[in-house]
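# Chain and residue survey
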Amino acid sequence: MATPLLRVDNLTVRFPTTEPVSRLSFEVGEGETLAIVGESGSGKSLTALALMQLLPRSAKIPNGRIEFAGRDLLGLDQKAMRNLRGREIAMIFQEPMTSLNPVLTIGRQITEVLTLHEGIRGKAARARAMELLSLVRIPDPQRRIDDYPHQLSGGMRQRVMIAIAVACRPRLLFADEPTTALDVTIQAQVLDLLDTLRRELSMAVVLITHDLGVVAQWADKVVVMYAGRKVEQALPGALFRTPLHPYTRGLLAASPRLKTNLHYRDARLTEIPGSIVSAAGERGCPFRPRCAVARDSCAHFVPDLVEVSEDRLVACPYSFIPEVAHGVALGL
Amino acid sequence: MALLSVSDLSTHFHAQGGALRAVDGVSLEVGRGETVGLVGESGCGKSTLGKTIMRLVDPTGGKIEFNGTDITVLDASRLKAARRNIQMIFQDPFASLNPRHTIGDILTAPLKVHGIGNKAERRGIVEDIIERVGLPKDSLGRYPHEFSGGQRQRIGIARALILNPELVVCDEPVSALDLSIQAQILNLLVDMKRQLGLSYLFISHDLSVVRYFADRVLVMYLGRIVESADNATLWTSPKHPYTRALMDAVPDPLRRRQAAPIHGDLPSPQNIPSGCRFHTRCPLATDLCRSQEPAFRAIAAGHHVACHYAEPTLN
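Bear in mind the structure is a predicted one, so any value in this text is a computation, not a measurement. (Residues numbered from 1 in each chain as written. Chains lettered and ligands numbered in written order. Predicted model: local features only at pLDDT ≥ 70, side-chain atom pairs only at ≥ 80, totals over all residues.)

### Some remarks on the overall build of chain A
Within chain A one finds twelve helices and twelve strands. Computed over the C-alpha atoms, the radius of gyration of chain A is 21 Å, within 12% of the 20 Å expected from 2.2 N^0.38 for a compact globule of 332 residues. Projected onto its principal axes, the C-alpha positions of chain A cover 65 × 50 × 40 Å. Sequence-distant contacts, at least 24 apart, represent 65% of the contacts inside chain A between residues at least 6 apart. (Helix = DSSP H or I, 4+ residues; strand = E, 2+ residues; numbered from the N terminus. Rg over C-alpha atoms; globule rule 2.2 N^0.38 Å. Contact = placed C-beta atoms within 7 Å.)

Have a look at this one:
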């Protein structure tokens, strides 16, 4: 197997009183889209920040390895990392309004990256910025390039963020909930664009999201996180056909979907009781306090990730017992 | 008689660059015990419509009737009395609770405003509602920051229900919540409806939630309702191209992706396109659409649509 572009091995992120990411491992191949799914508090965004080395100062990485294109990122100094960030690894965030500078034109914000990383200035930079705006399908770039962020719609702002992110043709793009703040119609357009760029620029994408529908349609591979740990990994088709971990099953059952005929007059939605807060201080399986099929033994140890078939990992020793499968009613 | 009946309602704002027509001639009804879903993109005017119905924003024209009373023209004291029966649940459970008040104070305030009960009675009502929404009684002495998003939304629901209203306007009540919590809150809203005989106007941009939760669905585009039908009909035979595009844009885990169904953004409500307001984004638009606004007409019993090319459903 070829060396993956990004390999995260046993990564732990620790704050003085909490450990929001625990022994996380995953790989992303060249040009591949990996989705990391989880709810707030699952550690998915911190994982991205750890990889970009943008963690707050109070955070420590006591163990783990992050390898990008054969280089150990944790061993790099600030300067080398700054060089890499934006040039080889780029990131876009959920709320484009808070990541764009409100007092600079979008043209200025794009050329800034080009000047910083590639030394392109003046007219050449402006021309390149214009190209980038058309690359992300912003209509009428000549007119738009001198606009300020507030003059653009949410979808347009996210396109500008993408233009900045891909300005130096990065090999890896982190997209942290890139469409959560957008309408479904705009979401489809933005995801379409990301996927086209992934192909055109042969760039790998790590898509961090809580939206299972987005995952199914855009990811090559899915990692499901809960309370800082990977609880399941699968190809999207398999994940939605036969979810294994009780959390994944619960998520699928809990989501109302267009193509099901579920209606409130006939049926309740399947709930996952409680909230992710209950995982704090749990010594056993972090999902145990909310799990419909938890057993006594689940309180004693954190289940290992077990490879159950090719490309398929699950961290629940009971996920194969038929009664467990029935214990979490599938809403499909 | 419908519980809520809105006719030709419009809410325009004065803004730089001309009138902003947020709600531009909307008629709708909510029947007793009914849940009406209102869907549309951000900026289509659905929240403004909800707020206008609550009389939190003054309408520019049209009429809002609640229980047969015209509430568009009520003076302050009679409006206050009417509001007892119409309550609202907001999207952001973080922004809609005063961080310096205890949950007990937050829930008691509406009772005081409406002069309900003495101190002991109010305490009883507050304790009853907090348990109904699934929170322990000792929550009453605590502050909003001590609760998670899902729990705060339960508090928001308790506050809306404490006056025993007939109609609750829910403005994106689950959009800010995690998936695993959404189902809890939707189930709670269903339980409350059953127990208290509520009617809901349920505003959401999330079609799959509306699919589950509504009896009837209204689709809004740039200040107007463009399609309305009962739930089953709308999902099985949507007629307006906008409704179809909205549905196609929802990513479905069991279907591989397709190209984005519509292009471009919602036009500005300060500059509403001529003719059919959807024509700038409609894949089927013709010259007729560009010049003439389609009427909102019935194409089958209970199914209305504003499109020149929507075929009547054959019986």
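### Focus: the overall build of chain B
Counting its secondary structure elements, chain B contains ten helices and twelve strands. When its C-alpha atoms are laid out on the principal axes, chain B stretches across 65 × 50 × 45 Å. Burial analysis of chain B (315 residues in total) assigns 49% to the buried set. When contacts within chain B are restricted to residue pairs at least 6 apart in sequence, those whose partners lie at least 24 apart make up 64%. (Buried ≥ 20, exposed ≤ 12 C-beta atoms within 10 Å, placed from the backbone.)

### Examining the sheet that holds strand 9 (residues 216-221) of chain B
Neighbouring strands of a sheet are bound in pairs by backbone hydrogen bonds; such pairs are parallel or else antiparallel. Residue and element names in this part refer to chain B. Read from one edge to the other, the open sheet built from eight strands follows the order 6-7-8-3-9-10-12-11, with strand pairing classed as mixed. Pairing within the sheet leaves two strands with one partner each, and these edge strands are strand 6 (86-89) and strand 11 (297-300). Neighbour-to-neighbour, the strand axes of this sheet turn through a mean angle of 25°, independent of strand direction. Of the strand pairs in this sheet, strand 3 (residues 35-39) and strand 9 are connected by four bridges, and their pairing is parallel. (Pairing = 2+ DSSP bridges. Axes fitted to C-alpha atoms, helices over the stretch in contact; angles between N-to-C directions.)

### Observations concerning the interface of chain A and chain B
In this assembly, 40 residues from chain A lie in contact with 39 residues from chain B. Listing elements by their share of the side of chain A that touches chain B, those giving two or more residues are helix 7 (154-166), helix 8 (184-200), helix 9 (212-218) and helix 11 (246-254) of chain A. Along the lines of polarity and charge, the residues of the side of chain A that touches chain B split into 18 nonpolar, 14 polar and eight charged. (Nonpolar A, V, L, I, M, F, W, Y, C, P; charged D, E, K, R; others polar.)

### Considering the domain arrangement of chain A
All names here are of chain A. Here the domain parsing of chain A yields domain 1 (6-225) and domain 2 (243-329). When each unit is reduced to the centre of its C-alpha atoms, the spacing between domain 1 and domain 2 is 30 Å. Taken together, the six residues of domain 1 in the interface contact eight residues of domain 2. Considering only residue class, the side of domain 1 that touches domain 2 consists of two nonpolar, two polar and two charged. (Domains from an automatic or database assignment.)

### Looking at the pairing of strand 6 (residues 89-92) of chain A
Residues and elements named next belong to chain A. On strand 6, burial covers both faces: I89 and M91 on one face and A90 and I92 on the other are all buried. Taken together, the four bridges between strand 6 and strand 7 (residues 172-176) define a ladder with parallel strand orientation. Within the sheet, the bridge partner assigned to I89 lies in strand 7 and is L172.

### Brief notes about the environment of A:M130
Residue and element names in this part refer to chain A. Tracing the backbone shows M130 in helix 5 (residues 122-135). For the pair M130 and V222, spaced 92 residues apart in sequence, the C-alpha to C-alpha distance is 35 Å. Setting aside residues up to four positions removed in sequence, M130 forms contacts with P141, Q142 and I145.

### As for the nonpolar core
If you look at soluble globular proteins, the nonpolar side chains tend to sit buried side by side. Ranked by size, the top nonpolar core spans 189 residues in total, and within it A:A163, B:L186, B:L201 and B:F202 carry the most contacts. Ranked by residue count, the leading element in this core is helix 6 (residues 179-196) of chain B, at nine residues. Both domain 1 (6-225) and domain 2 (243-329) of chain A contribute no fewer than three residues apiece to this core. In contact with B:L201, not counting residues within four places along its chain, are B:V30, B:V36, B:L38, B:G50, B:I53, B:L167 and B:V169. (Core = buried A, V, L, I, M, F, W, Y, C linked by C-beta atoms within 7 Å.)

### Considerations on the sheet that holds strand 4 (residues 65-68) of chain A
All names here are of chain A. Reading across from one edge, 2-1-4-5 is the order of the four strands in this open sheet, with antiparallel pairing throughout. Edge positions in the open sheet fall to strand 2 (21-28) and strand 5 (71-72), since each of these has one partner strand only. Two elements, strand 4 and strand 5, share two bridges in a ladder whose sense is antiparallel. What sits directly across from E67, in strand 5, is D72.

### Things to note about helix 5 (residues 149-161) of chain B
Residues and elements named next belong to chain B. Spanning 13 residues, helix 5 covers 18 Å between terminal C-alpha atoms, matching the ideal 18 Å at 1.5 Å per step. Of all 13 residues in helix 5, twelve are buried; the element is thus mostly enclosed. Structurally, helix 5 contributes buried residues whose contacts are with strand 6, helix 3 (103-113), helix 4 (119-132), strand 7 (167-171) and helix 6. (Expected span 1.5 Å × (residues − 1).)

### Remarks on the pairing of strand 7 of chain B
All names here are of chain B. In terms of burial, strand 7 is largely enclosed, as five of its five residues are buried. Alternating residues of strand 7 divide into L167, V169 and D171 and V168 and C170, and every residue in both groups is buried. Here strand 6 runs beside strand 7; their pairing, made up of four bridges, is parallel. The residue bridging I89 from the neighbouring strand is C170, located in strand 7. Read as a crossover between parallel neighbours, the route from strand 7 over helix 6 to strand 8 (residues 199-204) is right-handed. (Right-handed = clockwise from strand over helix to strand, strands pointing away.)

### Regarding the packing of helix 11 of chain A against helix 6 of chain B
As a packed pair, helix 11 of chain A and helix 6 of chain B sit with axes 9 Å apart at the nearest point and diverge in direction by 45°. Relative to helix 6 of chain B, the element helix 11 of chain A is oriented oblique. The way helix 11 of chain A lies across helix 6 of chain B gives a crossing that is left-handed. Every residue of helix 6 of chain B that contacts helix 11 of chain A at A:G250, A:L251 and A:A254 is listed here: B:L179, B:S180 and B:A183. Broken down by class, the residue content of the contact of helix 11 of chain A with helix 6 of chain B amounts to four nonpolar, two polar and no charged. (Parallel < 35°, antiparallel > 145°, perpendicular 65-115°, else oblique. Left-handed = near helix turned anticlockwise from the far one by under 90°.)

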